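# Coordinate analysis (summary)
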Amino acid sequence: MMVHEKTTLGILLLTMGLFGSGLSAPPIPAIDSAAADEPIKVLATLPVLKDLVQEVGRDRVAVTSLLSGLESEHTYTPKPTDILAIQDARMLVRIGLGLEVWVDALIKNADNPRLLVITTSIGVPVLKNQDIAGRPDHPLGMGDPHIWLDPENAKLMVRHITEGLIKIDPTHKKAYLRNQAQYIQDLDQTQQRLMVKLKPLQNKKIITHHAAWSYFARRFGFVIRGSIASQVGTEPSAKHLSDLIQMIKTDKIRVIVSEPQLNPKLPQILAQETGARVVILTPIPGALPGTETYRSMIEYDVDQLVNALKD
Ligand SMILES: [Zn+2]
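One structure accompanies this document, and this report is about it. (Residues numbered from 1 in each chain as written. Predicted model: local features only at pLDDT ≥ 70, side-chain atom pairs only at ≥ 80, totals over all residues. Heavy atoms only, no water.)

### What about the packing of helix H3 (residues 80-88) against helix H4 (residues 103-110)?
- The contact between H3 and H4 brings their axes to 9 Å, and the two run at 60°. Classified by the angle their axes make, H3 and H4 are oblique. Every pair of crossing elements has a handedness; the one defined by H3 and H4 is right-handed. Packed against H3, whose contacting residues are Asp 82, Ile 83, Ile 86 and Gln 87, the element H4 presents Leu 106, Ile 107, Asn 109 and Ala 110 at the interface.
- Grouping the constituent residues of the contact of H3 with H4 by class yields five nonpolar, two polar and one charged. (Axes fitted to C-alpha atoms, helices over the stretch in contact; angles between N-to-C directions. Helix = DSSP H or I, 4+ residues; strand = E, 2+ residues; numbered from the N terminus. Parallel < 35°, antiparallel > 145°, perpendicular 65-115°, else oblique. Left-handed = near helix turned anticlockwise from the far one by under 90°. Contact = heavy atoms within 4.5 Å. Nonpolar A, V, L, I, M, F, W, Y, C, P; charged D, E, K, R; others polar.)

### Brief notes about the nonpolar core
- Core analysis: the biggest nonpolar cluster contains 69 residues, and Trp 148, Phe 222, Tyr 294 and Leu 305 have the highest contact counts within it.
- Sorting elements by how many residues they give to this core places helix H10 (residues 294-309) first, with eight residues.
- Leave out the neighbours within four places in its chain, and Leu 305 touches Ile 206, Phe 216, Phe 222, Val 255, Val 257, Val 279 and Leu 281.
- In terms of nonpolar packing, the next biggest core, distinct from the first, is built from twelve residues, Ile 248, Ile 253, Leu 266 and Leu 270 among them. (Core = buried A, V, L, I, M, F, W, Y, C linked by side-chain atoms within 4.5 Å. Buried < 20%, exposed > 50% of the residue type's maximum accessible area, 1.4 Å probe, protein only.)

### Remarks on helix H5 (residues 151-168)
- With 18 residues, H5 should cover 26 Å at 1.5 Å per step; its first-to-last C-alpha distance of 26 Å lies within 8% of that length.
- Judged by how many residues are buried, H5 sits mostly within the fold: 13 of 18 residues are covered.
- Of the residues that open H5, the one with a side-chain oxygen 2.8 Å from the backbone nitrogen of Glu 152 is Asp 150. (Expected span 1.5 Å × (residues − 1). Polar contact = N/O pair within 3.5 Å; in protein donor to acceptor, adjacent residues only side chain to side chain.)

### Concerning the coordination of the zinc ion
- Protein coordination at the zinc ion comes from Glu 73 (OE), His 74 (NE2), His 146 (NE2) and His 210 (NE2), with a distance range of 1.9 to 2.0 Å.
- One way to put it: the four donor atoms around the zinc ion meet at angles of 105 to 114°, and that makes the site tetrahedral.
- Read N to C, the donor residues that coordinate the zinc ion are spaced as E-H-x71-H-x63-H. Taken together, the residues span a long stretch of sequence, with Glu 73 in the loop between strand E2 (61-65) and H3 and His 146 in the loop between strand E4 (116-119) and H5 at a distance of 73 residues. Comparing Glu 73 with His 146 shows no difference in burial state: the two are buried. (Donors = N, O, S within 2.8 Å, 3.2 Å for Na, K, Ca; no water. Tetrahedral: all angles 85-135°; square planar, octahedral: opposite > 155°, others 65-115°.)

### A look at the pattern of salt bridges
- Within this structure, the stated rule accounts for 13 salt bridges.
- Of the charged contacts in the structure, one is a salt bridge between Arg 94 and Asp 104, with a shortest N-O distance of 2.9 Å. Of the two residues, Arg 94 is situated in strand E3 (residues 91-94) and Asp 104 in helix H4; the sequence distance between them amounts to ten residues. Taken individually, Arg 94 and Asp 104 each receive the classification buried, so the pair is uniform in this respect.
- For the salt bridge of Arg 219 with Asp 150, the shortest nitrogen-to-oxygen distance reads 2.7 Å. Taken together, the residues span a long stretch of sequence, with Arg 219 in helix H7 (residues 214-220) and Asp 150 in the loop between E4 and H5 at a distance of 69 residues.
- Take Arg 219: its relative accessible area is 28%, and that puts it in the partly exposed class.
- Salt bridges linked by common partners bring Asp 150, Arg 218 and Arg 219 together as one network. (Salt bridge = Lys/Arg side-chain N within 4 Å of Asp/Glu carboxyl O.)

### Comments concerning the sheet that holds strand E7 (residues 255-258)
- The four strands lie next to each other as E6-E5-E7-E8, forming an open sheet whose pairing is parallel. Both edges of this open sheet fall to strand E6 (223-229) and strand E8 (277-280), since each of them pairs with a single strand only. On average, adjacent strands in this sheet sit at an angle of 30° to one another, irrespective of strand direction.
- In the packing of helix H9 (residues 265-274) onto the sheet, contacts are made with strand E5 (205-210), E6, E7 and E8, and the angle to E7 comes to roughly 170°.
- Against the sheet, H10 makes contact with E5, E7 and E8, and its axis sits at roughly 165° relative to E8, the strand it touches most. (Pairing = 2+ DSSP bridges.)

### So, the sheet that holds strand E1 (residues 40-44)
- Strand order in the open sheet made by the four strands is E2-E1-E3-E4, with parallel pairing throughout. Across the chains shown, the open sheet's two edge strands, defined by having one partner strand only, are E2 and E4. Within this sheet the neighbouring strands show an average axis-to-axis angle of 20°, counted without direction.
- Sheet analysis places E1 next to E3, joined by three bridges and oriented parallel. By the bridge assignment for E3, Leu 43 is matched with Leu 92.
- In the packing of H5 onto the sheet, contacts are made with E1, E2, E3 and E4, and the angle to E4 comes to roughly 165°.

### What to know about the side chain of His 209
- Mapped onto the elements, His 209 comes out in strand E5.
- Each residue touching His 209, except ones within four places of it in the same chain, is listed here: Ser 227, Ile 228, Ala 229, Val 257, Ser 258, Leu 262, Asn 263 and Pro 267.

### A word on the packing of helix H6 (residues 173-198) against H10
- Orientation of H6 relative to H10, taken along the N-to-C sense of each, is 5°, at an axis distance of 11 Å. Classified by the interaxial angle, the pair formed by H6 and H10 is roughly parallel. Contacts between H6 and H10 pair Tyr 183, Asp 186, Leu 187, Thr 190, Arg 193, Leu 194, Lys 197 and Leu 198 from the former with Tyr 294, Arg 295, Ile 298, Glu 299, Val 302, Asp 303 and Val 306 from the latter.
- Across the contact of H6 with H10, the residue classes break down as eight nonpolar, one polar and six charged.

Treat this as a map of the structure, not an account of what it does.
Listed below in structure tokens is the structure:
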């Protein structure tokens with residue numbers, strides 16, 4: 001039963017990924033001038049998207065996120081009010097790539113003809129998710145959906161958001177483009193600052209709790225040697241854990257990355273067995289103090305690893 005449902009969902013998501021993007025949809029009429037001063041109601045699936053929309057839209061948008069940032073992005077259960085929020089929104093911004101498996105049904109049931117759906121992963125070079133490669137039936141079989149953890153990808157995502165806002169509110173096109181340019185410049189500065197901090201690190205090998213960090217690791221030069229959970233919500237086997245323990249010891253891996261959204265039990269056990277240290281990073285802004293925006297979150301996550309890995 002579950003397998004069958006997953007297959008149907010996979011096909012549905014694949015179809016939507018190919019043909020259902022907000023950007024290739026027929027043009028949606030711009031708002032009428034009487035309502036032009038009202039902020040545009042935008043709904044984001046994740047707080048990271050909320051932050052990016054706010055950077056481009058500023059006072060022209062009223063953005064809410066369906067997830068608060070404290071839930072895992074994989075196991076979120078929609079609230080009854082989510083459908084009302086979609087009915088009330090003008091634009092919905094999502095990652096895609098099968099991450100928000102729950103959102104397609106919500107959009108369909110909300111049946112809001114004015115809703116512009118922006119899929120921010122379109123055009124982003126996608127990394128294969130090692131744990132589920134070759135499984136097209138899997139919701140994440142399209143590739144690793146954690147694209148936002150590389151600021152270079154975030155820049156592309158921001159461009160999709162800007163295009164969406166201009167489509168709805170062309171009057172303020174100049175302002176959106178200006179805000180976008182400013183934000184991309186800010187991201188560049190953040191990256192440059194972090195690259196300087198990363199330079200002295202020798203050993204950049206880590207183990208992650210769930211496979212969220214491949215884009216982040218590639219951008220900042222960390223080497224992920226393994227993950228505890230191949231899928232959030234499933235328990236790894238005893239053999240997998242003992243293999244990881246062996247690897248941590250022989251490869252001299254000093255850091256195990258966990259997240260505030262996940263149960264810390266297994267990372268703690270691995271740390272006790274090996275002497276490695278658990279470092280809590282968040283893939284979603286707002287889950288830890290000092291990670292309220294996307295930029296501050298990326299800085300926080302890199303800083304934590306720099307502090308844990310420096311000699
Ligand atoms: Zn994830």
